[in-house]
Amino acid sequence: MGLGEASLIGITILGSTGSIGVNTLDVISQHKDKYKVVALTANTGVERMIEQCTQWQPEYAVMADTDSAELLRAKLKAVAADVEVLSGDEGLRFVAETEQTDYVMAAIVGAAGLLPTLAAAKAGKRVLLANKEALVLSGQIFMDAIRDSGAELLPIDSEHNAIFQCMPVNFGDGLAPTGVQRILLTASGGPFRSKSLTELHQVTPDQACAHPNWVMGRKISVDSASMMNKGLELIEACWLFNTTPEHIQVVLHPQSIIHSLVEYSDGSVLAQLGNPDMRTPIAHGLAWPERIKSGVASLDLFDIARLDFEEPDLERFPCLRLACEAMQKGGTATAILNAANEVAVAEFLARRIRFTDIAKIVELALTNVEIEEATSLQTVLAADKRARDYSNTAIQELAA
Ligand code: NAD
Ligand code: MG
């Protein structure tokens, strides 16, 4: 260890090969005097991981399964022999908790990210939360873990990062006591914002993944197209900012320049603006309460010229309504919503169901899978499993 290296902030990136992971490494590469990469993790993409390990020489690399880990270990001998390769849930938990790490970027997609993200929360790390599904599955359990360990929770989802920046410091007390009247959660509307219901029956995975403003992983891209992403974000905002769906207004804003707004009781409305580039919220989460450069271009308002706003259409985008209803039902309803959505999105991406079937499957799961109180992690994980099984069966019946 060189002189001064001990004072660098150690970072674990869960999901380093994904869109958020790569953007995080881009920001860190601009601040090697402040941060060092302790651990990188990926699902099965060994090639990408070899490149990242060669460049970053982390202490640890974690792959989701033992075969990928074995392959990575063999290949790293020549280029990064000091990297310790781990695998599975245990490996992920280890790099989320290890003393060598100060901050954990939670950027695994879907419910797969829950356990290591929760481990980081329990270990009292600064949690940079991109993995919104963790909060949707187990909001209460996750927020309790953060509070009990004294961990810091920095939202990375651009809207939640924007809200965080506009909120008063004591926002954990809830909206009313801190003079906040409501949250305005902006949504681009995705690639299908102006499509009719009939057109939505015919859209393909590639069309769904061609987002007008953001380049993201395929799952969140489909969620953006169905507006389930905004539904998941509404739930995420309720947990992060200690509020309920009635105090959150979703606002369609196709340019994605305003990333969300907070309205105060005196009529003041604070907004956070910027180019749609995830390096801004990532840099904010890394440096908070300070500011660092992110590499994002300066906002050119003359070039943008106008900002538009519309009300969301819940008939064409029922996923937003379903998410809102799930949050109002409470308990394991949001875990069921999330699981059914993950199954349906994967089936849509594999071209086995239509885009409009996603909402149908989610609605069926919410009606037919028993909702319980989300008292423990086991209850939540069992609900997630039941909803996945139910959704797979429902999809087979749909196809028959
Ligand atoms: P992505 O698909 O590009 O990357 C996902 C990462 O998770 C990859 O490194 C992948 O290897 C890893 N991964 C996937 N399945 C795994 C599994 N079963 N076990 C272990 N690792 C696994 O996704 P993304 O777009 O980077 O999104 C990541 C998370 O951040 C999602 O929860 C998403 O909702 C959230 N988010 C993303 C953006 C964005 O701009 N991309 C914005 C806001 C929030
Ligand atoms: Mg978002």
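Being a predicted model, the structure only gives us computed values, none of them experimental.

Visitor: Can you walk me through the sheet that holds strand S4 (residues 84-87) in this structure?
Guide: Whenever strands of a sheet pair, they do so through backbone hydrogen bonds, lying parallel or antiparallel. Pairing is parallel across the open sheet formed by seven strands, whose spatial order is S4-S3-S2-S1-S5-S6-S7. Unpaired on one side and paired on the other, S4 and strand S7 (152-155) mark the two borders of the sheet. Each neighbouring strand pair of the sheet contributes to a mean axis angle of 20°, computed without reference to strand direction. Strand direction decides the pairing type here: strand S1 (residues 9-14) and strand S5 (residues 103-106), joined by four bridges, are parallel.

Visitor: Looking at this model, I keep getting lost on the domain arrangement of the chain. Mind explaining?
Guide: Often, the extent of an interface is quoted as the loss of accessible area upon association of its parts. Parsing the chain into structural domains produces domain 1 (3-155) and domain 2 (173-272 + 313-399). Contact between domain 1 and domain 2 buries roughly 1,700 Å² in total, counting both sides, with carbon and sulfur atoms accounting for 71%. Its largest share of buried area at the contact with domain 2, domain 1 owes to Lys132, Val136 and Leu137, together 37% of the area lost on that side. Remark: the boundary between domain 1 and domain 2 carries two salt bridges. Listed by contribution, the elements that provide at least two residues to the side of domain 1 that touches domain 2 are helix H5 (114-122), helix H6 (132-149) and S7.

Visitor: Would you explain unusual backbone geometry in this entry?
Guide: Across the chain, the bulk of peptide bonds are trans and the bulk of non-glycine residues have phi less than zero. Looking along the chain, the bond that leaves tryptophan 288 and enters proline 289 is cis, with omega of 5°. Mapped onto the secondary structure, proline 289 falls in the loop between helix H12 (279-287) and helix H13 (301-304). For serine 256, which is not a glycine, the phi torsion comes out positive at approximately 50°. Note on serine 256: relative accessible area 6%, which makes it buried. In the Ramachandran plot, serine 260 falls in the positive-phi region, its phi being about 155° despite a non-glycine side chain. Relative to the helices and strands, serine 260 is located in strand S10 (residues 258-264).

Visitor: How should I be thinking about the sheet that holds strand S11 (residues 269-273) in this particular structure?
Guide: Spatially, four strands are ordered S9-S8-S10-S11 in an open sheet, and the strand pairing comes out mixed. This sheet does not close on itself; its edge strands, each paired only once, are strand S9 (248-252) and S11. The average undirected angle you get between the axes of adjacent strands in this sheet is 20°. As defined by bridge partners, S10 adjoins S11 across five bridges and the pair is classed as antiparallel. Paired with isoleucine 258 across the bridge in S11 is leucine 273.

Visitor: What is the right way to read the site of ligand 1 from this model?
Guide: The environment of ligand 1 is formed by 22 residues, the closest being Thr17, Ser19, Asn43, Glu133 and Gly217. Here glycine 15 contributes a backbone N or O atom positioned 3.3 Å from an oxygen atom of ligand 1. Measuring from an oxygen atom of ligand 1, one finds a side-chain N or O atom of glutamate 133 at 2.6 Å. Computed on the free molecule, ligand 1 has an accessible area of 830 Å², of which 86% lies beneath the protein chains in the complex. Residue assignment for the shell around ligand 1 shows that the elements contributing at least two residues are helix H1 (19-29) and H6.

Visitor: What should I look at first to understand a nonpolar patch on the surface in this one?
Guide: Taken together, the side chains of Leu273, Leu301, Leu307 and Phe309 present a nonpolar region at the surface, about 340 Å² in accessible area. Checked against the element boundaries, leucine 307 lands in the loop between H13 and helix H14 (318-329). Note on leucine 307: relative accessible area 30%, which makes it partly exposed.

Conventions used here
All chains use their own residue numbering, which begins from 1 and follows the written sequence. Working convention: letters from A go to chains and numbers from 1 go to ligands, in the order in which they are written. Side-chain atom pairs in this predicted model are given and counted only at pLDDT of 80 or more, local residue features only at pLDDT of at least 70, and totals for whole chains, interfaces and linings cover all residues. In computing side-chain properties, one takes all heavy atoms of the structure into account and sets aside hydrogens as well as water. A pair of strands is treated as paired once DSSP finds two or more bridges between them. Numbering of helices and strands starts at the N terminus; helices are DSSP runs of H or I of at least 4 residues and strands are runs of E of at least 2. Orientation is described by axes fitted as lines to C-alpha atoms, over the contacting stretch for helices, and by angles from 0 to 180 degrees between their N-to-C directions. An automatic or database domain assignment supplies the start and end points of every domain. Buried area: the sum, over both parts, of the accessible surface (1.4 Å probe) that disappears when the two are put together. Each reported salt bridge corresponds to a side-chain nitrogen of Lys or Arg within 4 Å of a carboxyl oxygen of Asp or Glu. Relative accessible area decides the class of each residue, using a 1.4 Å probe on protein chains only: under 20% of the type maximum gives buried, over 50% gives exposed, and in between gives partly exposed. One heavy atom within 4 Å of a molecule or strand makes the whole residue count as near it. Whenever two N or O atoms come within 3.5 Å, that pair is a polar contact, provided that in protein one can donate a hydrogen and the other can accept it, and provided that, for residues adjacent in sequence, both atoms are side-chain atoms. A 1.4 Å probe and the Shrake-Rupley method give the accessible areas. Residues count as covered only by the protein chains that appear here. Candidate patch residues must exceed 30% relative accessible area and have no salt bridge, after which like charges are joined if within 9 Å and Val, Leu, Ile, Met, Phe, Trp or Tyr side chains if within 5 Å.

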